[in-house]
Amino acid sequence: MRSSDFWTREKWSLYPTLRGPHKADAVVVGGGLTGMTTALWLCRAGLRVMLLEAETLACGATARCGGMLSLTDRLLLEKLEKQRGVETAGAYLRSQMASFSAIRSLAEEADGAFDWQDADTHILAPHQRIRLDGEAEALRRAGAAAEASASGASPFPAASVLTLKNMATLHPIRYFQYLTQSALGLGLRIFEHSRVMALETNLAQTEQGIVSAPYIIIATGYPIVNVPGWYFLRLWQRRRSLLPLADKASFEGMYSDAAGRFGLRKWQDGLLFQLDGGMVGQRTGGDPLSIYTHRYAPYLNHAQPSGVYDGVETFSADGLPYIGAYSRKTPNLFVAAGYGGRGLLGSMTAARLISARVLGLTEDSAYVFSGQRSGNRILGSEIRSAAAMAGRYAASLTHIVAPRCPHMGCKLSYSRDKRLWECPCHGSRFDDIGHLINAPSVEDAVIRRRRF
């Protein structure tokens, strides 16, 4: 059974299904935050834009987004300095600051969508304090006001805390609705229940229609085109669960673990807890509710969640998203993926960089996110990622009696507590009768009734 949405959405099925041939200046594939923000930016530039959504708007990661908007929630910048240099790290942070500012400008116009908050990132082990100090120094070198201290206001025990002032929490759906109405006012044409099944040069084909356009943007969370680009060897998907807690917040701000295991923010009169659930399709140390209850509930007055809302996040090998041309051979086909849990900033960064490329403008940070970025350490991390993917793929092929993922034939794993079929290779998910839930597959799975 599909995990329900956490953020209440309108019944979005207001838009037609694509039928027959159409033409546009640009086609955006995917109706989440990335797709809608990119569509708005292109419409602002005067392009005729069509957006194709496989189901209904904002039904994927957007509906289960934690809404925490911060320049950092993991120790990424110091690592980036070591891998690619101080100049690249500075360009990365400047791009994130510009995206933050652009989101703020839009969200403050949407009623109740934006709320200023400080952001604390925790290190739990005392011997790792040096990593947090190094990250704070890297942030300051790049122009951010970061402060490392021995403690903070978080309810969780921390050996040290990195604080960024004047970050924010966001109501993703109110913000999304504002983006949608703004784009529609500029001529955006939206088609729901229009899953893209095939892409050719300047051509997007659904089950019932086809669109020709000189520019195509793939904003599906996980890229649906395997070659060129080879992103299926460089990306993986992890579960991410939201647990709303009725317990009243006794603190201000928002909190995250530097290892990415949890996040916490105020929400209405209570709390919103975000939990990393491990790799999609692989067994973990328990279901989200039991992990929360045993590890985190004692620090939150044993507050019990009113529900568990399960989604996925896509990660790259080096921690940065892939944004820009899909490959050197396809300069007019664009990708935006691998946000690593930072989808709010990632969606705006993608909109800015891709629209600039379409319009022939220069963005000084574009090389940071390029899918063709290079470097010995980057190559090494991608090789290790590809090797792990290949190992999971080979292992899955040894099982003959099992449902297969239509994407590349991997054995699907069944999660009984979620009633989902999950692909351990690339993260596609299907409900218990095989209906597709998320990319990279573009087809339903064939599920036969037998015991596995």
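What comes next concerns the included structure. (Residues numbered from 1 in each chain as written. Predicted model: local features only at pLDDT ≥ 70, side-chain atom pairs only at ≥ 80, totals over all residues. Heavy atoms only, no water.)

Helix and strand counts for the protein stand at nine helices and 23 strands. Evaluated residue by residue, the protein yields a buried proportion of 57% over its 452 residues. For the protein, long-range pairs separated by at least 24 residues make up 71% of all intrachain contacts whose partners lie at least 6 apart in sequence. Carbon and sulfur atoms make up 50% of the accessible area of the protein, which amounts to about 19000 Å² in all. (Helix = DSSP H or I, 4+ residues; strand = E, 2+ residues; numbered from the N terminus. Buried < 20%, exposed > 50% of the residue type's maximum accessible area, 1.4 Å probe, protein only. Contact = heavy atoms within 4.5 Å. Areas by Shrake-Rupley, 256 points an atom, 1.4 Å probe, with all protein chains shown as cover.)

Taken in spatial order, the four strands make up an open sheet running β20-β21-β22-β23, and their pairing is antiparallel. Each edge of the open sheet carries a strand with a single partner, namely β20 (413–415) and β23 (436–438). The mean angle between the axes of side-by-side strands here comes to 30°, regardless of whether they run parallel or antiparallel. (Pairing = 2+ DSSP bridges. Axes fitted to C-alpha atoms, helices over the stretch in contact; angles between N-to-C directions.)

All right, on to the pairing of strand β2 (residues 26–29) then. The alternating pattern of β2 places A26 and V28 on one face and V27 and V29 on the opposite face, and all of these are buried. Of the strand pairs in this sheet, β2 and strand β3 (residues 49–52) are connected by four bridges, and their pairing is parallel. If you follow V27 over to β3, its bridge partner there is M50. The parallel pair β2 and β3 is bridged by helix α1 (residues 33–44), and the resulting crossover is right-handed. (Right-handed = clockwise from strand over helix to strand, strands pointing away.)

By the definition in use, this model includes 12 salt bridges. We note a salt bridge from R429 to E422, for which the minimum N-O separation is 3.4 Å. The class for E422 is buried, based on a relative accessible area of 1%. (Salt bridge = Lys/Arg side-chain N within 4 Å of Asp/Glu carboxyl O.)

Below, the discussion takes up the packing of aromatic side chains. Taken as a whole, this structure holds 20 aromatic pairs when the rule is applied. The interplanar angle of 40° and the centroid separation of 6.1 Å between the aromatic rings of F100 and W116 together place this pair among those described as tilted. With F100 in helix α3 (residues 86–107) and W116 in strand β5 (residues 114–123), the pair connects residues that are 16 residues apart, well separated along the chain. Through pairs of rings, three or more aromatic residues link up here, namely F156, F262, F273, Y292, Y296 and Y299. (Phe/Tyr/Trp six-rings, centres within 6.5 Å; stacked < 30°, edge-to-face > 60°.)

Between V227 and the following residue, P228, the backbone shows a cis peptide bond with an omega angle of 0°. For P228, the location among the structural elements is in the loop between β12 (215–218) and β13 (235–245). The omega torsion of the bond from A439 to P440 falls at 20°, within 30 degrees of zero and hence cis. In this structure, P440 sits in the segment after β23. Despite not being glycine, N166 has its phi angle at roughly 60°, a positive value. Backbone geometry at N202 places phi at a positive 60°, although glycine is not the residue there. Secondary-structure assignment places N202 in the loop between β9 (196–200) and β10 (203–206).

What follows concerns the environment of G324. In this fold, G324 is placed in strand β18 (residues 322–327). The class of G324 is buried, set by a relative accessible area of 14%. A C-alpha to C-alpha distance of 9.6 Å links G324 and S355, two positions 31 residues apart in sequence. Leaving out residues up to four positions away in the same chain, G324 has contacts with L333, F334, V335 and I354.

Let us now look at the nonpolar core. Residues M36, L77, Y175 and L188 are the most contacted members of the largest nonpolar core, which totals 78 residues. Here the element with the most residues in this core is α3; it accounts for nine residues. Core analysis: the second largest hydrophobic core is formed by 26 residues, A204, F232, L235 and V335 among them. (Core = buried A, V, L, I, M, F, W, Y, C linked by side-chain atoms within 4.5 Å.)

Here we take up the environment of S441. Among the structural elements, S441 can be located in the segment after β23. Sequence separation between S441 and C423 is 18 residues, and the spatial gap between their C-alpha atoms is 9.7 Å. A distance of 2.9 Å separates a polar atom in the side chain of S441 from the backbone oxygen of E443. (Polar contact = N/O pair within 3.5 Å; in protein donor to acceptor, adjacent residues only side chain to side chain.)

What follows concerns the side chain of T62. By the element assignment, T62 lies in the loop between β3 and β4 (68–69). Engagement of the side chain of T62 in a polar contact is seen with the backbone nitrogen of L33, the distance being 3.1 Å. Setting aside anything within four residues of it in sequence, one finds T62 in contact with W7, G32, L33, P172, I173 and F176.

Across the sheet, which stays open at both edges, the six strands sit in the order β8-β3-β2-β12-β19-β18 with mixed pairing between neighbours. Unpaired on one side and paired on the other, β8 (189–191) and β18 mark the two borders of the sheet. Shown here is a sheet whose adjacent strand axes are inclined to one another by a mean of 20°, direction ignored. Pairing of β18 with strand β19 (residues 330–337), which is carried by five bridges, proceeds in the antiparallel orientation. Bridge pairing links G324 to V335 in β19. Contacts from α1 reach β2, β3, β8, β12 and β19, with the element oriented near 170° to β3.

Now for the packing of α3 against helix α7 (residues 343–358). One can describe the packing of α3 onto α7 by two numbers: an axis separation of 9 Å at closest approach and a directional angle of 100°. The angle between α3 and α7 falls in the class roughly perpendicular. Here α3 contributes S95, Q96, A98, S99, F100, A102, I103 and L106 to the contact with α7, which in turn contributes L344, L345, M348, T349 and R352. Residues of the contact of α3 with α7, tallied by class, amount to eight nonpolar, four polar and one charged. (Parallel < 35°, antiparallel > 145°, perpendicular 65-115°, else oblique. Nonpolar A, V, L, I, M, F, W, Y, C, P; charged D, E, K, R; others polar.)

Of the two faces of β10, the one lined by A204 and T206 is fully buried and the one lined by L203 and Q205 carries no buried residue. Relative to β10, β9 runs antiparallel, the two being bridged by four bridges. Residue pairing in the sheet places A198 in a bridge with Q205 of β10. Here three bridges tie β10 to strand β11 (residues 209–212), and the two strands are oriented antiparallel to one another. Its bridge partner being in β11, L203 is matched across the sheet by S212.

Nothing here speaks to function; it is geometry throughout.
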